[in-house]
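Spelled out, the chains give:
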Amino acid sequence: MKFGIIVFPGSNCDHDCYHAVKHVFSQKADYVWHKDTGLKGFDCLILPGGFSYGDYLRTGAIARFSPVMNEVVSFAKKGGLVLGICNGFQILTEAGLLPGVLMRNRDLKFICKQTYLRVENNRTAFTSSYGEGSVVKIPIAHADGNYYADPDTITALEDNGRVVLRYSTSDGQAAPEANPNGSLNNIAGITNEAGNVLGMMPHPERAAEAELGSTDGRGVFESIIHAFSDCCKDHRHGHKTHS
Amino acid sequence: MKAKVYVTLKKGVLDPQGKAVMGALKSMKFDEVKDVRVGKFMELELNGASKADEEKRLKEMCERLLANTVIENYRIEIE
């Protein structure tokens, strides 16, 4: 399986993602510069964390007009797996691949700390390795992670299992005190309607090795790798799940 | 031609910056302050052909880049 890691000017978690994919999970990986067009041969695209374009105007607002984003959008529309982490999540909302917006944190501060997350839906290509309702420890590092969407959008997300990760206490209560940034409904990660695009504020690549303090982020990458190998199996048997 | 663009948060969208500024004003005894909303102000220099054309193009700039219409409203003034 081959991962493409999109590098915008100001991305700073691109190397961490590359390291996780290539060295921790022994998959193929390549960086993709934001000016590249003609993405070929990738099975999953990762939009990593960072501060693309210095977060000028709004987080992700300028990155979404990078030339590579047309390719990312068409890859996603064809059913390709796209994972946006932190700034990557912000870019995906600005690009319209995910609904809502990540606003300034409730307390206006940059927060860098371990958070507990409850896995709300493990029937996705990004979370199948986790038990439903399991609690995982994955760090956040952001100033703009306060998820907001209009009430109809929130209802649609909730009713369709698209809220995949929620900030919780260590025993899995999605309580107000477990909400680091003011996100509506403690939302930490959502998918698009088709389920092939995930945006999440926590950094699974920073929780993929014991040396880093947690291995709970591994499940995200393992799930993607499983989803891809299942998909290949289907192809071999002539049941093409997506093009 | 010069244009001014004001981008403000929509009603009902929580504005933590506005709340912090209001808290500061209150602590300075400006008790009459009931609410504060912080927005953005942008000045654009244009060499457009006509005011009508530019108004249309500015609207497109706001819709596509300058504002995020999920949470923000915008207002355009052309001088």
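Bear in mind that the values here come from a model prediction, so they are computed numbers and not experimental data. (Residues numbered from 1 in each chain as written. Chains lettered and ligands numbered in written order. Predicted model: local features only at pLDDT ≥ 70, side-chain atom pairs only at ≥ 80, totals over all residues. Heavy atoms only, no water.)

The next point concerns the sheet that holds strand β2 (residues 40-45) of chain B. Paired through their backbone hydrogen bonds, the strands of a sheet run either parallel or antiparallel. All names here are of chain B. Here we have three strands laid out as an open sheet, ordered β2-β1-β3, and antiparallel in their pairing. Looking at which strands have only one partner, the edges of the open sheet turn out to be β2 and β3 (72-78). Averaged over all pairs of adjacent strands, the angle between their axes in this sheet comes to 20 degrees, without regard to strand direction. Inspection of the sheet shows strand β1 (residues 2-9) paired to β2 by six bridges, in the antiparallel sense. The residue of β2 that forms the bridge with K4 is E43. (Pairing = 2+ DSSP bridges. Helix = DSSP H or I, 4+ residues; strand = E, 2+ residues; numbered from the N terminus. Axes fitted to C-alpha atoms, helices over the stretch in contact; angles between N-to-C directions.)

Of the residues lining the interface, 15 residues belong to chain A; the matching set on chain B comes to 16 residues. At the boundary of chain A with chain B, the tally comes to one salt bridge. A salt bridge links B:E72 to A:R58, with the nearest nitrogen and oxygen atoms 3.8 Å apart. Its residues assigned to classes, the side of chain A that touches chain B comprises eight nonpolar, two polar and five charged. (Contact = heavy atoms within 4.5 Å. Salt bridge = Lys/Arg side-chain N within 4 Å of Asp/Glu carboxyl O. Nonpolar A, V, L, I, M, F, W, Y, C, P; charged D, E, K, R; others polar.)

Position of A:R64 relative to the elements: it lies in the loop between β3 (44-47) and α2 (68-77). The exposure class of A:R64 is partly exposed, given its relative accessible area of 26%. Linking A:R64 and A:F8, residues 56 residues apart in sequence, is a C-alpha distance of 9.8 Å. If we skip the residues at most four places from it in the chain, A:R64 touches A:M69, A:I91, A:E94, A:A95 and B:R64. (Buried < 20%, exposed > 50% of the residue type's maximum accessible area, 1.4 Å probe, protein only.)

Bringing the confidence of the model for chain B into the picture now. Looking at chain B as a whole, its pLDDT mean stands at 94, while 100% of the residues score no less than 70. Within chain B, the element-level pLDDT minimum falls on helix α1 (residues 16-27) of chain B, averaging 93, and the maximum on β2(B), averaging 97. (pLDDT = per-residue confidence, 0-100.)

Before going further, it helps to examine helix α1 (residues 14-24) of chain A. Taken together, the buried positions of α1(A) are occupied by A:D14, A:C17, A:Y18, A:A20, A:V21 and A:V24. Looking one or two residues past α1(A), A:S26 carries a phi angle of roughly 50 degrees, positive in sign.

Let us look at the sheet that holds strand β9 (residues 163-168) of chain A. All names here are of chain A. If you trace the nine strands from one edge of the open sheet to the other, you get β2-β1-β3-β4-β11-β10-β9-β6-β7, paired in mixed fashion. Looking at the sheet topology across the chains shown, the edges are occupied by β2 (28-33) and β7 (135-142). Across the sheet, the axes of successive neighbouring strands diverge by a mean angle of 25 degrees, strand direction being ignored. Pairing of strand β1 (residues 2-7) with β3 involves three bridges; the strand directions are parallel. For G4, the partnering residue across the bridge sits in β3 and is L45. Strands β3, β4 (81-85), β10 (187-191) and β11 (197-200) of the sheet are contacted by helix α3 (residues 87-94), whose axis makes an angle of about 120 degrees with β4. Each of β9 and β10 is contacted by helix α4 (residues 151-159), which is oriented at about 75 degrees to β10, the strand it contacts most.

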